[in-house]
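Architecture and fold: a report
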Amino acid sequence: MTGVGVIHFAQSPERWHGSADEDPMLNRLALPASVLCICAMLAGALIGRAGAEEQEGRPLGDIVSDLLRGGLDGDPGNRRVPFGRDEMQLSFAPLVKETAPAVVNVYATHKVRSPFMGDPFFEQFFGSQLPPRVQQSLGSGVLVDPSGLIVTNFHVIRNADEVKVATSDGREFPSTTLLKDESLDLAVLKVESAVPFPVVPIGDSDALEVGDLVLAIGNPFGVGQTTTSGIVSALARNHLGISDFGFFIQTDAAINPGNSGGALINMAGELVGINTAIFSQTGGSIGIGFAIPSNMVRAVVESARAGSTYFERPYVGATFEEVTGQIAEALGLDRATGALVSDVTAEGPAAKAGLKPGDVVLAINGSAIGNSDTLDYRLATQPIGSTVELTILRQGRESDVELELVRAPEGASSQVITIGGKSPFAGAKVASLSPRLAQRLRLAANAKGVAIVEVDPSSTAGRVGLQPGDIVRDVNGTAIDTPETLAAVASQNTRWWRFSIDRRGQILSQMMRY
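Below you will find a few notes about this structure.

The rules behind these values
Residues numbered from 1 in each chain as written. Predicted model: local features only at pLDDT ≥ 70, side-chain atom pairs only at ≥ 80, totals over all residues. Heavy atoms only, no water. Helix = DSSP H or I, 4+ residues; strand = E, 2+ residues; numbered from the N terminus. Buried < 20%, exposed > 50% of the residue type's maximum accessible area, 1.4 Å probe, protein only. Contact = heavy atoms within 4.5 Å. Areas by Shrake-Rupley, 256 points an atom, 1.4 Å probe, with all protein chains shown as cover. Arc of directions from axis to C-beta. Patch = residues over 30% accessible without salt bridge, like charges linked within 9 Å, V, L, I, M, F, W, Y side chains within 5 Å. Salt bridge = Lys/Arg side-chain N within 4 Å of Asp/Glu carboxyl O. Pairing = 2+ DSSP bridges. Axes fitted to C-alpha atoms, helices over the stretch in contact; angles between N-to-C directions. Core = buried A, V, L, I, M, F, W, Y, C linked by side-chain atoms within 4.5 Å. Phe/Tyr/Trp six-rings, centres within 6.5 Å; stacked < 30°, edge-to-face > 60°.

So, the overall build of the protein
Across its full length, the protein holds 14 helices and 26 strands. The proportion of buried residues among the 514 residues of the protein is 41%. Looking at the protein alone, contacts between residues at least 24 apart form 58% of all its contacts between residues at least 6 apart. Counting only carbon and sulfur atoms, one obtains 53% of the accessible surface of the protein, whose full area is about 27500 Å².

Encoded structure:
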């Protein structure tokens, strides 16, 4: 393959040879003739680069247009605005045909039992065989593996008793839930088929830039598979109140109810986001939609492949806060940026790396950290067992430290106990908190105590309103320090109960006769 010559257009228009005084007709023909020669030279250079056999039979205009677009290599770095009216009339149809078969509809059903079920007084009048009320939800999903792995939003299948998946060709499959993570609002489903499924490859969401063209594919309002187009409006959106996750892609591609879990596709036919939420005052799209980046999706899918039922983040052993304007001024920063280290766990990875409270993390592996949400995202997308380089600011001086990312410690005891008896805690599963269990329950890594791990909705604990993540502090005047202590207190022969729980930092006290 021969090399490509580079043509430099250095001359200004007035430098063209010849003048109007010499021959007006020749002057009018000079510029078009020169442009035609240049086009021929460009075409020759392109053919020399790509090979004559690859360009044989193509119109000259197409060859020149391809070269002006940056060549035929499809390099994402060769972005530019449409070149003329003809290009603005091009179609997304080939891209949709390639990717749409991998976008599915997700149907979730949940049976809601009456709160009076099991109440003797109620059943005396209405009987005990009341049929449950069925709630249904509709969303979308994306096939990311030929074996049948599907990514969707957690809120699409929340509390679902049954989840079915319908493909674009009309087939319907029952599914099993491999992994779900409420904090990320992501879930991974599995369907079975003797024939491999079409998939959308997972792309690199970090390569996105504001202004890039994207397609949103899903099933809005249950009308059927729908494709809309738009651009990337913003990156790294946080503080949206959607979930604990704070690193969304914003797009103006129309996203409506039913699109949740659907695909955000780039112009290379790759999945770059999972459509999740919209900002709207009417319930419909007003051009402000949000998607979870594909790099986060990839990490969750890999976790599901490894057999985990929830997404396990790397353990750092430190907590981080926002750098406010006042903090930035006190630290000598010209703007509020980075993540402030507020606490470091002794003997943890952060302590071993040399991090100290008051340090500000400015970058990770060379990528700037704008806020603590950005740092959380960057850390979460790194594999457990890897080492990252942090750029930190300490007392006005920058330095680099290496941080090893490990699994969260399991603690001295990981035993889960199911509370029985006739107490308000009957039917709840409890365990001593460890950093690993705290991560699973979306609690602070340094949280201590006895936490409720799981609650059967039809049990006494479920009817009382206890929730996973509640930390039991005391019951009937007894401090609860182990699951065994709670089990012993809950077995007391009494109908009067007084207890307090810690729910996400808020202490709730309750007294009841049960």
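Moving on from the model shown.
A look at helix 14 (residues 483-490)
Two residues of an α-helix separated by three or four positions point the same way, owing to the 3.6 residues in each turn. Every buried residue belonging to helix 14 is among Pro-483, Leu-486, Val-489 and Ala-490, and all of these are buried. For helix 14, the buried positions fall inside an angular range of 130° around the axis, keeping them on one side. Considering only its buried residues, helix 14 is in contact with strand 20 (417-418), strand 21 (428-432), strand 22 (450-455), strand 23 (471-475), strand 24 (478-479) and strand 25 (496-503).

So, a nonpolar patch on the surface
The grouping of Phe-92, Leu-213, Ile-231 and Met-267 at the surface amounts to a nonpolar patch, some 310 Å² of accessible area in total. With respect to the element layout, Ile-231 can be found in strand 9 (residues 226-237). With relative accessibility at 31%, the residue Ile-231 sits in the partly exposed group.

Examining the sheet that holds strand 10 (residues 248-251)
Strand order around the closed barrel formed by 6 strands is 8-9-10-13-12-11, with antiparallel pairing between neighbours. In this sheet, adjacent strand axes meet at a mean angle of 45° when their direction is disregarded. One ladder, built from 3 bridges, connects strand 9 with strand 10; its direction is antiparallel. For Ala-234, the partnering residue across the bridge sits in strand 10 and is Gln-250.

Topic: the environment of Gly-338
Relative to the elements of secondary structure, Gly-338 occurs in the loop between helix 9 (325-331) and strand 15 (339-344). For Gly-338, a relative accessible area of 1% puts it in the buried group. The sequence separation of Gly-338 and Ala-368 amounts to 30 residues, and the corresponding C-alpha distance is 7.8 Å. In contact with Gly-338, other than residues within four places in its own chain, are Val-323, Val-360, Val-361, Ile-369, Gly-370, Asn-371 and Ser-372.

Quick notes on the pattern of salt bridges
In this structure the tally under the stated criterion is 14 salt bridges. With a closest N to O distance of 3.1 Å, Glu-192 and Lys-190 form a salt bridge. With its nearest N and O atoms 2.8 Å apart, the salt bridge here joins Asp-206 to Arg-378. In this pair, Asp-206 sits in the loop between strand 7 (186-190) and strand 8 (213-218) while Arg-378 sits in helix 11 (residues 372-380), placing the two residues 172 residues apart along the sequence. Taking relative accessible area as the criterion, Arg-378 reaches 17% and is therefore assigned buried. Members of the salt-bridge network, linked through shared partners, are Asp-145, Glu-302 and Arg-305.

A short note on the nonpolar core
A general feature of soluble globular proteins is that nonpolar side chains tend to end up buried together. Among the nonpolar cores identified, the biggest contains 45 residues, and Leu-186, Leu-271, Met-296 and Val-300 are the most heavily contacted of them. No other element matches the 6 residues that helix 8 (residues 294-305) contributes to this core.

Remarks on the packing of aromatic side chains
By the definition in use, this model includes 4 aromatic pairs. Between Phe-425 and Phe-499 the ring centres are 5.1 Å apart and the planes differ by 65°, which places this aromatic pair in the edge-to-face class. One end of the pair, Phe-425, is in the loop between strand 20 and strand 21; the other, Phe-499, is in strand 25, with 74 residues separating them in the sequence. Judged by relative accessible area, Phe-499 falls into the buried class, the value being 4%.

A short note on the sheet that holds strand 5 (residues 172-174)
Strand order across the open sheet formed by 7 strands is 5-4-1-2-3-7-6, with antiparallel pairing between neighbours. Single-partner strands in this sheet number two, and they are strand 5 and strand 6 (176-181). Mean inter-strand twist for the sheet, computed between neighbouring axes without regard to direction, equals 30°. In the sheet, strand 1 (residues 103-112) pairs with strand 2 (residues 133-145) via 10 bridges, with the strands oriented antiparallel. Within the sheet, the bridge partner assigned to His-110 lies in strand 2 and is Gln-135. Lying over the sheet, helix 8 contacts strand 2, strand 3 (149-152), strand 6 and strand 7, oriented at roughly 45° with respect to strand 7.

Side note on the environment of Leu-184
Position of Leu-184 among the secondary structure elements: in the loop between strand 6 and strand 7. Residues Leu-184 and Ile-292 lie 108 residues apart in sequence; the distance between their C-alpha atoms is 8.4 Å.

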